[in-house]
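# An overview of the molecular structure
One letter stands for each residue in the lines below.
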Amino acid sequence: MSDPLLHAHEIAVSFGGVGALAGVDLTVPARSIVGLVGPNGAGKTTLFGVLSGLLSPRSGRVELAGADVTRASPQRRARLGLARTFQRLELFDELTVRDHLVVARRIRERRDRSLLRDLVGLGRRPSPGEDEAVDALLDLLDLGKFANQPVPLVPLGTGRIVELARALATEPRVVLLDEPTSGLDVHETERVATALRAARADRGVAFVLVEHDVELVLQLCDDITVLDFGRVIAHGPPDEIRASADVQAAYLGTAPAQKTPR
Ligand SMILES: Nc1ncnc2c1ncn2[C@@H]1O[C@H](COP(=O)(O)OP(=O)(O)O)[C@@H](O)[C@H]1O
Ligand SMILES: [Mg+2]
């Protein structure tokens, strides 16, 4: 079997002597959607910090595309194909949806000497090649009708898909998504799910999904890891997770209100 695209092995993290993660493993095969769930404070965002390079684990190892990146910078991980979105939207107010995607592509290419000007005013017009790539992405994620709107004017659910589109514009191999449906209604949640499926099918991208909506995770993910108090309490395909008594006790029974019906 070939190596997984992203693999975390025996990760331990502590904050001021208090353990936040202990012995945590996570395996993300190429083109998979892996769910990471657990109650508040379980350590999900902390694990994302370790995977993306914002946090250094006390022990353990992170491998990305065959390289040991345990101590590598977020920039190096990005070059190896890792992208992430954040729990709250991190978009620029002045730019349209389309401009966000052009800027994201330019950051990836790193050939652009006037990146700062691009970030402020999008100084250089997009080339035909840039336009074509951005149009394809807008199409794929059904964002066409919002393309020329400034981001503050698009609904929250669309904003989340713009965040996803921006991550995909960097042509990643794996994207970490921290609660992409928080604050969304059932229809917007369904749009996000559709966008993820489309991105995987069309681009072969893998996702790690931190998500409160357990039903969504059970529907969307190939494989799910459940954290509780910084430890893995269950791991497996959706059927097993649904059936696990430990998960029921620790989590599913006390899950926050879900956006049913779907
Ligand atoms: N920067 C930090 N400093 C101190 N403690 C932290 C920090 N970040 C997270 N924690 C603690 O680590 C634990 C896991 O938090 P977190 O990863 O944010 O959980 P989750 O995302 O699953 O809700 C919690 O007990 C939290 O209070
Ligand atoms: Mg969190």
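Refer to the structure above for everything that follows.
Summary of the structure given here. Predicted, not measured: the structure shown is a model, and the values here were computed from it.

Attention shifts here to the sheet that holds strand S4 (residues 59-64). The sheet built from four strands is open, its strands ordered S2-S1-S4-S5 with antiparallel pairing. The open sheet is flanked by strand S2 (18-28) and strand S5 (67-68), the only strands paired with a single partner. Pairing of strand S1 (residues 6-15) with S2, which is carried by seven bridges, proceeds in the antiparallel orientation. Paired with histidine 7 across the bridge in S2 is threonine 27. Lying over the sheet, helix H1 (residues 44-52) contacts S1, S2 and S4, oriented at roughly 120° with respect to S1.

This part covers the site of ligand 1. Around ligand 1 sit Phe15, Ala20, Gly38, Asn40, Gly41, Ala42, Gly43, Lys44, Thr45 and Thr46, and that is every residue in its neighbourhood. Ranked by residues supplied to the shell around ligand 1, first place goes to H1 with three residues. Partitioned by chemical class, the residues of the shell around ligand 1 number three nonpolar, six polar and one charged.

In this structure, aspartate 142 is a non-glycine residue whose phi angle is positive, near 60°. Along the chain, aspartate 142 turns up in the loop between helix H5 (128-140) and helix H6 (156-169). The partly exposed category is assigned to aspartate 142, around which 14 C-beta atoms lie within 10 Å. In this structure, glutamate 179 takes a positive phi of about 50° despite not being glycine.

Definitions and cut-offs
Residues numbered from 1 in each chain as written. Chains lettered and ligands numbered in written order. Predicted model: local features only at pLDDT ≥ 70, side-chain atom pairs only at ≥ 80, totals over all residues. Pairing = 2+ DSSP bridges. Helix = DSSP H or I, 4+ residues; strand = E, 2+ residues; numbered from the N terminus. Contact = placed C-beta atoms within 7 Å. Axes fitted to C-alpha atoms, helices over the stretch in contact; angles between N-to-C directions. Near = placed C-beta within 6 Å. Nonpolar A, V, L, I, M, F, W, Y, C, P; charged D, E, K, R; others polar. Buried ≥ 20, exposed ≤ 12 C-beta atoms within 10 Å, placed from the backbone.

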